[in-house]
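Read off the chains here:
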Amino acid sequence: MKRRNFVKGAVAGTAAAAAISLPVGIGCAGPAATKQAERSKVLPKRPFNSPYEGEFLNRVAFPLGGLGAGMLCLEGTGALSHVSLRNRPNMFHEPLTFAAVCVKGQKNIARVLEGPVPGWKAFGNPDTNGGTKNKNYGLPHFRSAVFETRFPFATVNLKDDKLPLEAVLTGWSPFIPGDPDSSSLPVAALEYTFHNPGKQALEAVFSFNSNNFMAAGWDDAGPQYSELRKHASVGAVPGGFILRQKGTDDRPWLEGAFCAVVDDPNTKVNCRWFRGGWFDPLTLAWKAVEEGATPEATPFDQGNPSPGASLFLPFSLAAGESRTVRLLLCWYVPESNLHEGDDPDCCSDKTGNHSCCDPTVPEKNYKPWYSGQFANAEDLAAFWAKNVSALREKSEKFSRAFYDTTLPPEVVEAVAANLTILKSPTVLRQTDGRMWAWEGCSDTSGCCEGSCTHVWNYAQAVPHLFPSLERSLRLTEFKVDQDPSGHQVFRAGLPVRTILHTYYAASDGQLGGIMKVYREWRISGDNAWLASFWPQVRTSLDYCIEAWDPRHHGVLEEPHHNTYDIEFWGAEPMCSSFYLGALRAATLMGEALGDAVPLYKELYDKGRAVLEKELFDGEYFFQKIQWEGLRAGNPVEASKNSAWGEYSPEALELLQKEGPKYQYGTGCLSDGVLGAWIAAVCGVGNVLDELKVLSHLNAVHSYNFRTDLSEHANPQRPGYALGAEGGLLLCSWPKGGSLSLPFVYSNEVWTGIEYQVASHLMLCGEVDKGLDIVRACRARYDGRVRNPFNEYECGHWYARAMSSYGLLQGLTGVRYDAVDRTLYIKPSIRGDFRSFLSTATGYGTVGVKDGKPFVEVAEGKIEVAKTEYTPLA
């Protein structure tokens, strides 16, 4: 296989890209490589993994918070936005919340501790026609900002020539591999470091100011909101304030609290913002800031609450001195009205008691994990203040290990940027600790519920960073969502419980789950865990065989639902490669458990032969559309159960000419060997001929990768990539045979698919081509048009994008097997390298030094009994 050489000692994670040499490839079937001149078109103006400034700050919003705990974002300017604390997204929620500093003197100088307001905020957001009221945009800001991130930390450097001090803001929240509880806290820290570069001492006042954005309907009219406001309050806690809204009997999910504390005994707290109309509260709050005042005031009586609160910390800086003010934020919203999935008839009375059908689920609605760990917001705030230093140290240790790498900066940036998905509202974690997730986030609600198995197939971060959470997904799939026949619902209920099986099983999701059981076993090393799942795994695979391969041809022929939200009719490589991977994984698991499963081996051999001989055109794999002679019957009747509705007269005419709607036929599908990639990263091994897989991937790069989409027609959803941007199309028809109505997303560009193809190319030795794709992805997400930390698809912070974590394995070939305690290193890069490694028992740095493999454990332990190192020849 062709693999890549990086010059020894090249360091990623800086503005400079690693130096490279271009290797000569093997002579396999496939198109010529893209010319270097064409590749250069997608190189960005901003070096990868470097700071963001100027126009690149435009859309930067970096999530802070915990896994399943809600989020607020630190923008590139230092502002707080996307405040989503109520167990659901709220993407345009930017409350009146800001920190400020006032330097006292003959004439005080006060500034909001943020850089210039991006121009698009003046007009373009919802309600900007009203002049963007209840914002801090009109207050004096610092003149410039530079943003840099080393996940989970983000730093904003603020400068203003008229201010005699410099300010640096560091935002972070705990992220500790192998410690999901510490990483699931609803907390964030903002650390403001002030430096006096002058020769004279100065006096200043730091403040943090906020309206009560937890109050329900504060800015809305109507008697119902007036009544709710009576239950809002602003209170005091040691060193800070608490913004609170009480729930009501009919809306308990309105309960919520937000705490802001400065851990300094000299902090002054004002819980009495001016109560008045129009702009009175902010007018007088800012007056206190610019006067350098430090007013203290206790809360108003219940029933007529303050509209907001401020805290103040006066401080001095000698010439050349620096001082850090640490602002601790936390939130507590213990209830929700989230309830997903159709309940069995026994629960139709909607009492909220599910004991009749699932005695393990007493709650009607979702409750966050942290609500079972802390009694209230005050309890949480005290814990956060007590443990913040230790949690910071552990998070820093992870960050140092992750960025201690020589891998290309575009890869490091892509992996780190998508770890923010785990801090977004895409992820939830219920009180028993189980993870549950959306596919992504709509603006004010989750998008596409149920830890959707065919989307989460792609996500490779959680199984390595938080293996116990990933195993909780397998628990849901096989022990809750699978019925006695083996049918799995691919969208789990919330709270996690038994729900009705009313729709197709997802072929790629269910078969991928079998490979992931194998992966979780090898990552955990827990043979008893595997044995406990084996009966359900067999039942699941037997269902898949009967449902989609009843004639035992070894490929999926009957219509099979998949991640494109449609059904493929006839044998095709994408889902059939999942089938081969599941058959192979089940065979290996059966052998380990002493349970012979000869049918699985027989079907695997048959299916591999069909794919390699009948569904490979000499360059890439393709689909044989079939709709006659199948057990499923007429596609017109089958469509009545589809999400896409019945056939129109026009569609009936197309059916006779081209077959069922939404197929790909002779197309070159970017996901065409997806199952083979899943098998590889799960440790199952090669399930298809390596040269044919490589040929397919080369064809995908040649035909589907575009450096400029200006002439590409996309009648579907163009926002992901368009115009002069580059990207990888889901499918193309380079040899003709384009369908009138191909599968519904075929003309789109999804980062989750781009990264899996890039990773797979790298695993097969085509590092340069993989990097082409990664660069194009990150060039689109450079901060000018899109948020670098929000790779969206059908929703913000879309889970599929965590396929980027597979790039680490793609470049290094590193995989740790806890069953055999074996470390596998088969790099596609020549010479020495360093890379991050996370296992179930510890994490650190893995690589090759002076031609010899090594592991440096940063946290925990990694027991390596054997190392299998296959260097690049």
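Heads up: the structure comes first, above all this text.
Residues numbered from 1 in each chain as written. Predicted model: local features only at pLDDT ≥ 70, side-chain atom pairs only at ≥ 80, totals over all residues. Heavy atoms only, no water.

Let us now look at the overall build of the protein. Looking only at helices and strands, the protein has 19 helices and 36 strands in total. The C-alpha atoms of the protein give 28 Å as radius of gyration, which agrees with the globular expectation for 873 residues (29 Å, within 12%). Looking at the protein as a whole, 61% of its 873 residues qualify as buried. Pairs at least 24 apart in sequence give 71% of the contacts found in the protein among residues at least 6 apart. Of the roughly 31200 Å² that the protein leaves accessible, carbon and sulfur atoms contribute 50%. (Helix = DSSP H or I, 4+ residues; strand = E, 2+ residues; numbered from the N terminus. Rg over C-alpha atoms; globule rule 2.2 N^0.38 Å. Buried < 20%, exposed > 50% of the residue type's maximum accessible area, 1.4 Å probe, protein only. Contact = heavy atoms within 4.5 Å. Areas by Shrake-Rupley, 256 points an atom, 1.4 Å probe, with all protein chains shown as cover.)

Further remarks concern helix α12 (residues 598–614). Look at α12: 24 Å from first C-alpha to last across 17 residues, which is about the 24 Å you get at 1.5 Å a residue. Every buried residue belonging to α12 is among Tyr600, Leu603, Tyr604, Gly607, Val610, Leu611 and Glu612, and all of these are buried. If you follow the buried residues of α12, they end up packed against α10 (527–548), α11 (573–593) and α16 (690–704). (Expected span 1.5 Å × (residues − 1).)

So, about the pairing of strand β31 (residues 822–825). Bridging between strand β30 (residues 815–817) and β31 involves three bridges; their strand directions are antiparallel. Across the sheet, Tyr816 pairs through a bridge with Leu823, a residue of β31. Between β30 and β31, which pair antiparallel and follow one another directly, the connecting turn spans four residues, one of which, Arg821, has a positive phi of 55°. Judged from the four bridges that link them, β31 and strand β36 (residues 866–869) form a sheet pairing that is parallel. For Leu823, the partnering residue across the bridge sits in β36 and is Thr867. (Pairing = 2+ DSSP bridges.)

As summarised here, the arrangement of the nine strands in space is β3-β9-β10-β11-β12-β19-β16-β15-β14, forming an open sheet in which the pairing is antiparallel. Each edge of the open sheet carries a strand with a single partner, namely β3 (52–53) and β14 (232–237). The sheet contact formed by β3 and strand β9 (residues 144–150) spans two bridges and is antiparallel. Within β9, the residue paired with Glu53 across the bridge is Val146. Helix α4 (residues 377–403) contacts β9, β10 (153–159), β11 (166–172), β12 (187–195), β14, β15 (240–245), β16 (256–262) and β19 (322–332) of the sheet and is inclined by roughly 115° relative to β19. (Axes fitted to C-alpha atoms, helices over the stretch in contact; angles between N-to-C directions.)

Bringing the pattern of salt bridges into the picture now. The final tally for this structure, using the stated rule, is 53 salt bridges. Across the salt bridge formed by Asp432 and Arg434, the nearest N and O atoms sit 3.5 Å from each other. The class for Asp432 is partly exposed, based on a relative accessible area of 49%. With a closest N to O distance of 2.8 Å, Arg491 and Glu439 form a salt bridge. With Arg491 in the loop between α8 (467–480) and α9 (507–524) and Glu439 in the loop between β21 (435–437) and β22 (440–441), this pair connects stretches of sequence that are 52 residues apart. Neither residue differs from the other here; Arg491 and Glu439 are each classed as buried. Beyond isolated ion pairs, a larger network of salt bridges with shared partners links Glu470, Arg474, Glu477, Arg519 and Glu520. (Salt bridge = Lys/Arg side-chain N within 4 Å of Asp/Glu carboxyl O.)

Each strand in a sheet pairs with another by means of backbone hydrogen bonds, the pair being arranged parallel or else antiparallel. Taken in spatial order, the three strands line up as β30-β31-β36 in an open sheet, and their pairing is mixed. Of all strands in the sheet, those bounded by a partner on one side alone are β30 and β36. For this sheet, the mean angle separating the axes of adjacent strands, direction not counted, is 15°.

The next point concerns the packing of aromatic side chains. In the structure shown here, the tally under the stated rule is 45 aromatic pairs. Here Tyr745 and Trp750 contribute two aromatic rings whose centre-to-centre distance is 5.2 Å and whose plane-to-plane angle is 55°, an arrangement assigned as tilted. A single burial state applies to Tyr745 and to Trp750, both of which are buried. Positioned over the ring face of Trp120 is Arg59, at 3.7 Å from the centre of the ring. The lysine or arginine in question, Arg786, covers the ring of Tyr781, its NZ or CZ lying 5.8 Å from the ring centre. (Phe/Tyr/Trp six-rings, centres within 6.5 Å; stacked < 30°, edge-to-face > 60°. Lys NZ or Arg CZ within 6 Å of the ring centre and 35° of its normal.)

So, about the nonpolar core. In this structure, Phe194, Phe206 and Tyr564 are the most contacted members of the largest nonpolar core, which totals 227 residues. When residues no more than four places from it in sequence are discounted, the contact partners of Phe194 are Val101, Leu113, Leu165, Glu166, Ala167, Phe206, Phe315, Leu317, Glu321, Ser322, Arg323 and Val325. One finds Leu96, Phe98, Ala285 and Val289 within the second-largest nonpolar core, a separate group that totals twelve residues. (Core = buried A, V, L, I, M, F, W, Y, C linked by side-chain atoms within 4.5 Å.)

What follows concerns the packing of α10 against α11. Two elements in contact, α10 and α11, have axes separated by 11 Å at closest approach and are oriented at 145°. For the pair α10 and α11, the sense of crossing is left-handed. Across the interface between the two elements, Leu530, Ala531, Trp534, Val537, Leu541 and Ile545 of α10 pack against Tyr579, Ala582, Leu583, Ala586, Met589, Gly590 and Leu593 of α11. Split into classes, the residues belonging to the contact of α10 with α11 amount to twelve nonpolar, one polar and no charged. (Left-handed = near helix turned anticlockwise from the far one by under 90°. Nonpolar A, V, L, I, M, F, W, Y, C, P; charged D, E, K, R; others polar.)

Okay, helix α17 (residues 751–763) next. If you check α17, its first and last C-alpha atoms are 18 Å apart, about what 13 residues at 1.5 Å a residue would give, namely 18 Å. Along α17, twelve of the 13 residues are buried, which leaves the element largely enclosed by surrounding structure. Within α17, the full set of buried residues consists of Thr751, Gly752, Ile753, Glu754, Tyr755, Gln756, Val757, Ala758, Ser759, His760, Leu761 and Met762. Those residues of α17 that are buried lie in contact with α5 (409–419), α15 (674–681), α16, β28 (727–728), α18 (767–780) and α19 (806–812). Positioned one or two residues after α17, Gly765 has a phi angle of 100°, which is positive.

Okay, the pairing of strand β18 (residues 308–317) next. Within β18, eight of the ten residues are buried, which leaves it mostly tucked inside the rest of the structure. Bridge count between strand β13 (residues 202–211) and β18: ten bridges; the pairing is antiparallel. Directly across from Val205, in β18, lies its bridge partner Pro314. Across three bridges, strand β17 (residues 268–270) lies against β18 in antiparallel orientation. Along β18, the bridge assignment pairs Val269 with Leu311.

Our next topic: the side chain of Gln756. Examined against the element boundaries, Gln756 turns out to sit in helix α17. Within polar-contact distance, the side chain of Gln756 engages the side chain of Asp671 at 2.7 Å. Setting aside residues up to four positions removed in sequence, Gln756 forms contacts with Tyr458, Ser670, Asp671, Leu674, Trp677 and Ser803. (Polar contact = N/O pair within 3.5 Å; in protein donor to acceptor, adjacent residues only side chain to side chain.)

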